[in-house]
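Structural overview for review
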Amino acid sequence: MALIPWIGFTVFVLAIAGVVIAFSTLKVQRQEFRKTGKHPKGHFVGMGMALGLPLGFAVTLPLGIALGNIAFAVTLGPGFGLAIGIAIGAHLEKKHEKELRPLTEKEKKIHRISMLLLIGLLLLGVTVFALLTFL
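This write-up is about the structure you can find in this document. (Residues numbered from 1 in each chain as written. Predicted model: local features only at pLDDT ≥ 70, side-chain atom pairs only at ≥ 80, totals over all residues. Heavy atoms only, no water.)

A few words on the packing of helix H2 (residues 43–67) against helix H3 (residues 70–95). Where H2 contacts H3, the axes come no closer than 5 Å and their chain directions differ by 150°. Classified by the angle between their axes, H2 and H3 sit roughly antiparallel to one another. Judged by the sense of rotation from one axis to the other, the crossing of H2 with H3 is right-handed. Its residues assigned to classes, the contact of H2 with H3 comprises 18 nonpolar, 10 polar and 1 charged. (Axes fitted to C-alpha atoms, helices over the stretch in contact; angles between N-to-C directions. Helix = DSSP H or I, 4+ residues; strand = E, 2+ residues; numbered from the N terminus. Parallel < 35°, antiparallel > 145°, perpendicular 65-115°, else oblique. Left-handed = near helix turned anticlockwise from the far one by under 90°. Nonpolar A, V, L, I, M, F, W, Y, C, P; charged D, E, K, R; others polar.)

Overall, the coordinates contain 3 salt bridges when judged by the stated rule. Among the salt bridges present, the one from glutamate 32 reaches lysine 35, with a minimum N-O distance of 3.6 Å. Pair noted here: glutamate 32 and lysine 35 are both in helix H1 (residues 3–36), with a separation of 3 residues, about one helical turn. For lysine 35, a relative accessible area of 65% puts it in the exposed group. Ionic pairing is found between glutamate 105 and lysine 108, a salt bridge with its closest N-O pair at 3.7 Å. Of this pair, glutamate 105 and lysine 108 both sit in helix H4 (residues 105–134), 3 residues apart, which is roughly one turn of the helix. Here glutamate 105 falls in the exposed class, since its relative accessible area comes to 55%. For lysine 108, a relative accessible area of 35% corresponds to the partly exposed category. (Salt bridge = Lys/Arg side-chain N within 4 Å of Asp/Glu carboxyl O. Buried < 20%, exposed > 50% of the residue type's maximum accessible area, 1.4 Å probe, protein only.)

Written as structure tokens, this is what we have:
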């Protein structure tokens, strides 16, 4: 169990990196919006996902409590919320297609870095699960 402090430290470092990337992405997008008056492609899908995730959890939590199965809300709620949020976001993307612009090179670079960070978090989660389950 000597790994637990290192796991916590790694999660903390990755979370700080995620916050830095999120703020830099927002800063770049805000600057581009001021220049062009247009949002980047994927803007509305991202908004839908960000709103759908907690809403899905909030909607399924009372159902999970009523059924006596909180795991229902924790596991299925965010998935339902994401699916609905993506659908609404895709509809808004199509509706506001003329108000969108392609991603700049700087935004593409930030997206690649954030994908690597997310893959790192996924691998860390799988590793922690395996260590705690099988050791």
